[in-house]
Amino acid sequence: MQKLQEYLTEIRKEFHLRHSHEFGFTESQSEAHFDITTQAAMSYIQGLAMSGKMQEMQEMLKGGEEALVSSRYYDELIQKCADSYYALDWDTERKKKLATTALVCAMQGLRERFLVGGYSNDTAGVLKFLGLDSGMLGLMGKMGGMFNMFKKK
């Protein structure tokens, strides 16, 4: 996941350049709130993945802004991000606007880097994009095989 963090570090600078004036942030405030947003979103998305909603999560991430906003998890995701802004004494709507803006910026930045990188649009391509070795793919295959034994035949 270190590769993902590298991408997000680049994107948070883009976030500051594009949106700091809109929210009245200094560079360090922009970066801090971008990090808070992406960390809260990652935590929420990992929870979805762990609860077996991997397909929904992938659709939300791969579909860009439109898929994010139309997802049935969107409101809950944005609320989780907005709730993580402890230091801001803003009203809920303004916090939600910040969360949405930061997430859309992060997703667009990641999507652009994925497309420019020429990664395959499958699990192996995503793992390579994230900088995870192919051993992870093998491990996932073995775990999938383990879970298959619990399915009814």
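If you're wondering where the values come from, they're calculated on a predicted model, not measured in any experiment. (Residues numbered from 1 in each chain as written. Predicted model: local features only at pLDDT ≥ 70, side-chain atom pairs only at ≥ 80, totals over all residues. Heavy atoms only, no water.)

Visitor: Help me understand helix H5 (residues 74-83), please; the structure alone is not making it clear to me.
Guide: Helical periodicity: at 3.6 residues per turn, an α-helix aligns residues three or four positions apart in one direction. Listing the buried residues of H5 in full gives Tyr-74, Leu-77, Ile-78, Cys-81 and Ala-82. One side of H5 holds all its buried residues, which, seen down the axis, span an arc of 135 degrees. (Buried < 20%, exposed > 50% of the residue type's maximum accessible area, 1.4 Å probe, protein only. Helix = DSSP H or I, 4+ residues; strand = E, 2+ residues; numbered from the N terminus. Arc of directions from axis to C-beta.)

Visitor: I keep staring at the packing of aromatic side chains and nothing clicks. Help me out?
Guide: Each aromatic ring pair is summarised here by two numbers: the centre-to-centre distance and the angle between the ring planes. As enumerated under the stated definition, the model contains eight aromatic pairs in all. Ring centres of Phe-25 and Trp-90 lie 5.6 Å apart, and the angle between their planes is 10 degrees; this geometry places the pair in the stacked category. In this pair, Phe-25 sits in the loop between helix H1 (2-23) and helix H2 (27-50) while Trp-90 sits in the loop between H5 and helix H6 (92-117), placing the two residues 65 residues apart along the sequence. Take Phe-25: its relative accessible area is 9%, and that puts it in the buried class. Assessed through its relative accessible area of 16%, Trp-90 is described here as buried. (Phe/Tyr/Trp six-rings, centres within 6.5 Å; stacked < 30°, edge-to-face > 60°.)

Visitor: Looking at this structure, I do not really get the nonpolar core. What am I missing?
Guide: Across soluble globular proteins, you tend to see nonpolar side chains buried next to one another. Counting residues in each nonpolar core, the largest one holds 33 residues, and the members touching the most others are Cys-81 and Leu-98. Elements that contribute at least two residues to this core include exactly H1, H2, H5 and H6. If one sorts the elements of this core by residue count, H6 sits on top with ten residues. Leaving out residues up to four positions away in the same chain, Leu-98 has contacts with Phe-15, Phe-23, Phe-25, His-33, Tyr-85, Leu-88 and Trp-90. (Core = buried A, V, L, I, M, F, W, Y, C linked by side-chain atoms within 4.5 Å. Contact = heavy atoms within 4.5 Å.)

Visitor: Explain the confidence of the model for the protein chain to me, please; I cannot follow it from the model alone.
Guide: Residues shown with low pLDDT carry predicted positions that ought not to be read at fine detail. With 78% of its residues at a pLDDT of at least 70, the protein chain reaches an overall mean of 82. Here helix H8 (residues 134-148) is the element of the protein chain with the lowest mean pLDDT, 49, and H5 is the one with the highest, 94. Counted against residues more than four places away or in other chains, residues 142-153, with its pLDDT under 50, gives zero contacts. (pLDDT = per-residue confidence, 0-100.)

Visitor: Sorry, what's going on with the pattern of salt bridges here?
Guide: It is possible for side chains bearing opposite charge to pair when their charged atoms get close. Throughout the structure, instances matching the rule amount to nine salt bridges. When the shortest N-O distance is used, the salt bridge between Asp-35 and Arg-12 registers 2.5 Å. Taken as a pair, Asp-35 in helix H2 and Arg-12 in helix H1 lie far apart in primary sequence, 23 residues in all. Two residues, Glu-14 and Arg-18, come together in a salt bridge whose shortest N-O distance is 3.8 Å. Pair noted here: Glu-14 and Arg-18 are both in helix H1, with a separation of four residues, about one helical turn. In the salt-bridge network here, residues are joined through shared partners; they are Arg-12, Lys-13, Glu-27, Glu-31 and Asp-35. (Salt bridge = Lys/Arg side-chain N within 4 Å of Asp/Glu carboxyl O.)

Visitor: Could you clarify how one ought to interpret the environment of Phe-34 in this entry?
Guide: Inspection of the secondary structure assignment puts Phe-34 in helix H2. Phe-34 sits in the buried class, given a relative accessible area of 0%. In this structure the C-alpha to C-alpha distance between Phe-34 and Ala-102, which are 68 residues apart in sequence, comes to 5.9 Å. Ignoring sequence-local partners within four residues, the contact set of Phe-34 consists of Leu-8, Ile-11, Arg-12, Phe-15, Ala-102 and Ala-106.

Visitor: Even after reading the chapter, I still don't get the packing of H2 against H6, so can you show me in this structure?
Guide: Each pair of packed helices gets described by two things: the angle between the helix axes and the distance between those axes. Packing of H2 against H6 leaves a shortest axis separation of 9 Å and a crossing angle of 80 degrees. The orientation of H2 with respect to H6, classified from their angle, is roughly perpendicular. Seen from H2, the contacting residues are His-33, Phe-34, Thr-37, Thr-38 and Ala-41; seen from H6, they are Leu-98, Ala-99, Ala-102, Leu-103 and Ala-106. Of the residues contributing to the contact of H2 with H6, the split by class is seven nonpolar, three polar and no charged. (Axes fitted to C-alpha atoms, helices over the stretch in contact; angles between N-to-C directions. Parallel < 35°, antiparallel > 145°, perpendicular 65-115°, else oblique. Nonpolar A, V, L, I, M, F, W, Y, C, P; charged D, E, K, R; others polar.)

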